Amino acid sequence: KQEVTQIPAALSVPEGENLVLNCSFTDSAIYNLQWFRQDPGKGLTSLLLIQSSQREQTSGRLNASLDKSSGRSTLYIAASQPGDSATYLCAVLNSGYSTLTFGKGTMLLVSP
Amino acid sequence: SAVISQKPSRDICQRGTSLTIQCQVDSQVTMMFWYRQQPGQSLTLIATANQGSEATYESGFVIDKFPISRPNLTFSTLTVSNMSPEDSSIYLCSVEARTGTRSNYGYTFGSGTRLTVV
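These numbers were taken from a predicted model, which means no experiment stands behind them.

Asker: Whenever I open this one, unusual backbone geometry confuses me. Can you help?
Answerer: Most peptide bonds are trans, and most residues other than glycine sit at a negative phi. Of note, the bond from isoleucine 7 of chain A into proline 8 of chain A is cis; its omega dihedral lies within 30 degrees of zero at -5 degrees. By the secondary structure assignment, proline 8 of chain A is in the loop between β1 (4-7) and β2 (10-14). For asparagine 82 of chain B, which is not glycine, the phi torsion reads 45 degrees and is therefore positive. Among the secondary structure elements, asparagine 82 of chain B is positioned in the loop between β8 (75-80) and β9 (89-97).

In structure tokens form, the structure reads like this:
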């Protein structure tokens, strides 16, 4: 059974700092990995999707990497802003069936 | 990617009552998914809903408690029945964005329904 772990559970940084969120998964048989953002009490917004054959994806100040063989992904946020404050979730699409396995998320607070 | 309209966005309900959550998608999709997110926890899949067939429920979830309808390719409802305070959660629907090969399948989520049972 796939398990996804996100470290740290919570992170507080001052505005302008670069930061890294970590995601690990136990079964490397995945189709892809997706990073989401969730604002309090709200739904999920997709940030980046990395296919299993890819090493990284970039969107604006966000860069996500994937090392499938070691079961790890990182989300790098450059020059953080207060508007980046949210919970960040990673999810893997497991090979063989169309369901996602989610981590518990990293709650990020960026203070002005 | 598909846009999902989910409602209600939040509700406070009395124990023993039922609430029906609706999701409308702006394009036709084969599968829709329903998730529950309990306070402080991550998302747990409740069931997968295909149009024209019975929903497939995950372990720990039963049709009598969470009946699902999927009358067409753009709409689905989830009912939370005979509610108790333990059902207080965020409920989300999701669709699969099938672009190219399976490795490029992404998922789009509705805005969520925040349910509080008192």
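Picking up after the structure, the text goes on.
Asker: Would you mind going over the side chain of threonine 101 of chain A with me for this structure?
Answerer: Here threonine 101 of chain A is to be found in strand β10 (residues 100-102). At a separation of 3.0 Å, a polar atom in the side chain of threonine 101 of chain A contacts the side chain of asparagine 94 of chain A.

Asker: Before we go on, may I ask you to explain the state of the cysteines in this structure?
Answerer: The term disulfide refers to a covalent linkage connecting the sulfur atoms of a pair of cysteines. All names here are of chain A. Throughout the structure, instances matching the rule amount to 2 disulfides over all chains. Put simply, cysteine 23 and cysteine 90 are joined by a disulfide, and their sulfur atoms are 1.9 Å apart. A torsion of 70 degrees about the S-S bond marks the disulfide between cysteine 23 and cysteine 90 as right-handed. Of this pair, cysteine 23 sits in strand β3 (residues 19-25) while cysteine 90 sits in strand β9 (residues 86-94); the two residues are 67 residues apart in sequence, bridging distant segments of the chain.

Asker: Would you mind showing me how to read the side chain of threonine 87 of chain A here?
Answerer: Residue and element names in this part refer to chain A. Within the element layout of this structure, threonine 87 appears in strand β9. Assessed through its relative accessible area of 17%, threonine 87 is described here as buried. Once residues lying within four places of it in the same chain are set aside, the contact partners of threonine 87 are Phe36, Arg37, Gln38, Gly105, Thr106 and Met107.

Asker: What is the right way to read the interface of chain B and chain A from this model?
Answerer: Accessible area lost on assembly of the parts is the figure often given for the size of an interface. At the interface, 22 residues of chain B touch 22 residues of chain A. Around 1800 Å² of area is buried between chain B and chain A when both sides are counted, 53% of it from carbon and sulfur atoms. Three residues, Arg102, Ser103 and Tyr107 of chain B, lead the burial of chain B against chain A; their summed loss comes to 33% of the area buried on that side. Secondary-structure elements contributing two or more residues to the side of chain B that touches chain A are β4 (31-37), β5 (43-50), β9 and β10 (106-109) of chain B. The element contributing the most residues to the side of chain B that touches chain A is β4 of chain B, with 4 residues. Grouping the constituent residues of the side of chain B that touches chain A by class yields 10 nonpolar, 9 polar and 3 charged.

Asker: Before we go on, may I ask you to explain the pattern of salt bridges in this structure?
Answerer: Oppositely charged side chains can form a pair if their charged atoms are brought close together. Residues and elements named next belong to chain A. Per the counting criterion, the structure on display carries 3 salt bridges over all chains. Between arginine 61 and aspartate 84 there is a salt bridge, with its nearest N and O atoms 2.8 Å apart. Taken as a pair, arginine 61 in the loop between β6 (56-59) and β7 (62-67) and aspartate 84 in the loop between β8 (72-77) and β9 lie far apart in primary sequence, 23 residues in all.

Asker: Just checking my understanding: could you explain the sheet that holds β3 of chain A for this structure?
Answerer: All names here are of chain A. Strand order in the open sheet formed by 5 strands is β1-β3-β8-β7-β6, with antiparallel pairing between adjacent strands. The open sheet is flanked by β1 and β6, the only strands paired with a single partner. Averaged over all adjacent pairs, the angle separating strand axes in this sheet is 15 degrees, with direction ignored.

Asker: Is there a simple way to think about the pairing of strand β4 (residues 30-38) of chain A in this case?
Answerer: Taken residue by residue, a regular strand's side chains alternate between the two faces of the sheet. All names here are of chain A. By the criterion of burial, β4 is predominantly enclosed, with 8 of the 9 residues buried. Sheet topology places β4 next to β9; 8 bridges connect them, and they run antiparallel. When the bridges of β9 are listed, phenylalanine 36 appears paired with leucine 89. The pairing of β4 with strand β5 (residues 44-51) spans 7 bridges and is classified as antiparallel. Counterpart to glutamine 38 in the pairing with β5 is leucine 44. Linking β4 back to β5 in an antiparallel pair, the connection comprises 5 residues, with glycine 41 at a positive phi of about 70 degrees.

Here is what the cut-offs are and how they apply
- Residues numbered from 1 in each chain as written.
- Chains lettered and ligands numbered in written order.
- Predicted model: local features only at pLDDT ≥ 70, side-chain atom pairs only at ≥ 80, totals over all residues.
- Heavy atoms only, no water.
- Helix = DSSP H or I, 4+ residues; strand = E, 2+ residues; numbered from the N terminus.
- Polar contact = N/O pair within 3.5 Å; in protein donor to acceptor, adjacent residues only side chain to side chain.
- Disulfide = S-S within 2.5 Å.
- Buried < 20%, exposed > 50% of the residue type's maximum accessible area, 1.4 Å probe, protein only.
- Contact = heavy atoms within 4.5 Å.
- Buried area = accessible area lost by both parts, 1.4 Å probe.
- Nonpolar A, V, L, I, M, F, W, Y, C, P; charged D, E, K, R; others polar.
- Salt bridge = Lys/Arg side-chain N within 4 Å of Asp/Glu carboxyl O.
- Pairing = 2+ DSSP bridges.
- Axes fitted to C-alpha atoms, helices over the stretch in contact; angles between N-to-C directions.

Function cannot be read off these values alone, since they describe shape.
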